[in-house]
Amino acid sequence: MTYFTTIQRTHSNARISKIVRHGGLVYLCGQTAKGSPSADAGIAEQTAEVLARVDALLAEAGSDRSRILTTTIYLRDIAADFAGMNAVWEAWLADRKAIAPARTTVQAALATASLRVEMTVVAIENERSPNPQGS
Amino acid sequence: MTYFTTIQRTHSNARISKIVRHGGLVYLCGQTAKGSPSADAGIAEQTAEVLARVDALLAEAGSDRSRILTTTIYLRDIAADFAGMNAVWEAWLADRKAIAPARTTVQAALATASLRVEMTVVAIENERSPNPQGS
Amino acid sequence: MTYFTTIQRTHSNARISKIVRHGGLVYLCGQTAKGSPSADAGIAEQTAEVLARVDALLAEAGSDRSRILTTTIYLRDIAADFAGMNAVWEAWLADRKAIAPARTTVQAALATASLRVEMTVVAIENERSPNPQGS
């Protein structure tokens, strides 16, 4: 049987694809700090690493942080880490004006006990201006 | 560089946009009761407030509760509050026939300890009938 | 007032639609083992049941497991059940090459205490090859 699909998957293994693209949208798998961070890797450090990985995957998919539609953020300890995560998040968004996505942040334990934050991102692919020179 | 996007964001600040619209879809940020509800604001009261805010944001985005595709519901205490949330939820949907979205409900602690419920909603923009008078 | 929508809902009740279709996408409500599994229904058994229900609903919606864009997986006890869930998940995906979706897995208590796993799936409807015989 001929297998046909318009879904584009990148960095696929038996369990997960890091990037899935379809219909002009880019879906990233949940992003965490790599492997098992040391127990004392703080929320600022882990959030920065997560966002760097989001940047890299979005770039690969022809998108960028200004094109995120939604982000779901999971924090292992929301009371302890909400403010610390937000400080890094807001600095990351601040390079451009008003690009914040629709966001939901809740508490959840993650796959490895040392992980403090995980983010699930849906973005759009890069759009070219119909009139790039302006008028 | 010319910055161009077809993403429309409303009520944006440094952290979040309450409404993001793209491709005919409306994405709301996670909705909770406002600020820090008093510790004894029950699940019925908080659910009603969340749904009123969903109504208001969807109206602003040219949508309404009959056009929701998916809702993710987070409850701080699912054993205690599942039934109470559902009673208000079902009454809210009951104004129209068969409009219930695909829904997922799980337990999660939320950004403020007094919050009992948060909802993430994806809807479609209002559609005009191709034949509004019927035939 | 004439009510018009292009949203297609299946298995709808006052609370939920099991399948929602719109714009070529299929949204399933959170899938769990049926009813209240016995307290000793293990993670392998529950994961297999969840995936069988996903298969059945996707088939009804004109889709299948090779057309899933994203899956969010909630485990009641991620430390205990992550490996067991993954074993069943990977076997389920292994019938075809490289079909893994963008996935996020977090810990969350579910609607019934005996439930160990819940999955939320977004897929695309079946596509016909523009050139089904190959060339």
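That block above? That's the structure.
Throughout what follows, the structure given in this document is the object of discussion. (Residues numbered from 1 in each chain as written. Chains lettered and ligands numbered in written order. Predicted model: local features only at pLDDT ≥ 70, side-chain atom pairs only at ≥ 80, totals over all residues. Heavy atoms only, no water.)

## Observations regarding the interface of chain B and chain A
At step 1: Counting residues at the interface gives 27 residues for chain B and 31 residues for chain A.
At step 2: Here chain B packs against chain A, burying approximately 2,300 Å² in sum over the two surfaces, 56% of which is carbon and sulfur.
At step 3: Seen at the junction of chain B and chain A, the total is one salt bridge.
At step 4: With a shortest N-O distance of 2.6 Å, Glu 90 of chain A and Arg 15 of chain B are connected by a salt bridge.
At step 5: Of all the elements in the fold, those that place two or more residues in the side of chain B that touches chain A are strand S1 (8-12), strand S2 (17-22), strand S3 (25-28) and strand S6 (117-124) of chain B.
At step 6: Here the residues of the side of chain B that touches chain A are counted per class, giving 15 nonpolar, nine polar and three charged. (Contact = heavy atoms within 4.5 Å. Buried area = accessible area lost by both parts, 1.4 Å probe. Salt bridge = Lys/Arg side-chain N within 4 Å of Asp/Glu carboxyl O. Helix = DSSP H or I, 4+ residues; strand = E, 2+ residues; numbered from the N terminus. Nonpolar A, V, L, I, M, F, W, Y, C, P; charged D, E, K, R; others polar.)

## As for the environment of Ser 63 of chain B
Residues and elements named next belong to chain B.
At step 1: Along the chain, Ser 63 falls in the loop between helix H1 (43-60) and strand S4 (68-75).
At step 2: Along the backbone, Ser 63 and Tyr 74 are 11 residues apart, and their C-alpha atoms lie at a distance of 23 Å.
At step 3: Discounting chain neighbours no more than four positions away, the residues touching Ser 63 are Val 26, Leu 58, Ala 123, Ile 124, Glu 125 and Asn 126.
At step 4: Within the local environment of Ser 63, its side chain forms a polar contact with the backbone oxygen of Ile 124, the two atoms lying 2.7 Å apart. (Polar contact = N/O pair within 3.5 Å; in protein donor to acceptor, adjacent residues only side chain to side chain.)

## Overview of the interface of chain A and chain C
At step 1: In this complex, chain A contributes 26 residues to the contact, which on the side of chain C involves 31 residues.
At step 2: A combined buried area of about 2,300 Å² lies between chain A and chain C, and 56% of that area is made up of carbon and sulfur atoms.
At step 3: Applying the counting rule to chain A against chain C returns one salt bridge.
At step 4: Scanning the region where chain A abuts chain C turns up 10 residue pairs in polar contact (both at pLDDT 80 or more).
At step 5: For the side of chain A that touches chain C, the secondary-structure elements that each account for two or more residues are strand S2 (17-22), strand S3 (25-28) and strand S6 (117-124) of chain A.
At step 6: Sorting elements by how many residues they give to the side of chain A that touches chain C places S2 of chain A first, with three residues.

## Digging into the relation of the copies chain B and chain A
At step 1: Placing chain B over chain A gives an RMSD of 0.0 Å and needs a rotation angle of 120°, together with 0.0 Å of translation along the axis. In the structure described here, the two chain copies are related by an operation that fits a three-fold rotation axis. Using C-alpha coordinates, one finds that chain B approaches the rotation axis most closely at Ala 108 of chain B, a distance of 3.7 Å. (Least-squares fit on C-alpha atoms with pLDDT ≥ 70 in both.)

## Describing the sheet that holds S3 of chain B
Sheets are built from strands paired through backbone hydrogen bonds, the pairs being either parallel or antiparallel.
All names here are of chain B.
At step 1: With mixed pairing, six strands are arranged side by side in an open sheet as S1-S2-S3-S6-S4-S5. Whereas interior strands pair on both sides, the edge strands pair on one side only; in this sheet they are S1 and strand S5 (102-107). Pairs of neighbouring strands in the sheet enclose a mean axial angle of 10°, with direction left out of account.
At step 2: With six bridges connecting them, S4 and S5 associate as parallel partners. Each residue of the ladder has a partner; that of Ile 73, found in S5, is Thr 105.
At step 3: Running at roughly 25° to S6, H1 makes contact with S1, S2, S3, S4 and S6 of the sheet.
At step 4: Against the sheet, helix H2 (residues 78-93) makes contact with S4, S5 and S6, and its axis sits at roughly 155° relative to S5, the strand it touches most. (Pairing = 2+ DSSP bridges. Axes fitted to C-alpha atoms, helices over the stretch in contact; angles between N-to-C directions.)

From the geometry alone we can't say anything about function, so treat these as descriptive.
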